[in-house]
Amino acid sequence: MLIPHPLLGPRDAQEFTYLGDAALMQRPDPQAGEAAFADYVFQRDNPAGVHRELWYHEYGDRSWLVVTRDTTTHEILGAELARNVKMGLPE
């Protein structure tokens, strides 16, 4: 599987570490309480279809990417640097 790195071009997925749902970038407010943090850490969706995921370029430039992938076909639809992605966070 090739991941289209926005800076380096197509890279083999073996250079990356999969880190889960890109929603992990939306941490709960520290004042939200223990239940909100427990949900953040332990509750995960397992969607079928198009999904946004965090990938770390461990054996490359050590960048974090948000990869859009179809989980039913494994087709990679795009990738962005995580620092450039807005996930509904307040400005």
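Residues numbered from 1 in each chain as written. Predicted model: local features only at pLDDT ≥ 70, side-chain atom pairs only at ≥ 80, totals over all residues. Heavy atoms only, no water.

## Considerations on unusual backbone geometry
Residues apart from glycine generally show negative phi values, whereas peptide bonds are mostly found in trans. Even without a glycine there, the phi angle at R62 is positive, about 60°. Looking at the element boundaries, R62 is found in the loop between strand 4 (50-56) and strand 5 (64-70). Judged by relative accessible area, which is 52%, R62 ranks as exposed. Unusually for a residue other than glycine, H74 sits at a positive phi of about 70°. Structurally, H74 can be placed in the loop between strand 5 and strand 6 (76-81). Note on H74: relative accessible area 46%, which makes it partly exposed. (Helix = DSSP H or I, 4+ residues; strand = E, 2+ residues; numbered from the N terminus. Buried < 20%, exposed > 50% of the residue type's maximum accessible area, 1.4 Å probe, protein only.)

## What about the side chain of E15?
The residue E15 is located in the loop between strand 2 (9-12) and strand 3 (17-21) in this model. Only 3.1 Å separates the side chain of E15 from the side chain of R11, close enough to count as a polar contact. For E15, the side chain forms a polar contact with the side chain of H57, separated by 2.6 Å. (Polar contact = N/O pair within 3.5 Å; in protein donor to acceptor, adjacent residues only side chain to side chain.)

## Side note on the nonpolar core
As a rule of thumb, nonpolar side chains are buried together in soluble globular proteins. Counting residues in hydrophobic clusters, the biggest one holds nine residues: I3, A13, F16, W55, L65, V67, I76, A79 and L81. Those elements giving two or more residues to this core turn out to be strand 5 and strand 6. Residue contacts for L65: discarding those within four places in its chain leaves I3, H5, P6, F16, E53, L54, W55, A79, E80, L81 and A82. The next biggest cluster of nonpolar side chains, apart from the first, holds seven residues, and it includes A22, L24, L54 and A82. (Core = buried A, V, L, I, M, F, W, Y, C linked by side-chain atoms within 4.5 Å. Contact = heavy atoms within 4.5 Å.)

Keep in mind these numbers describe shape, not what the thing actually does.
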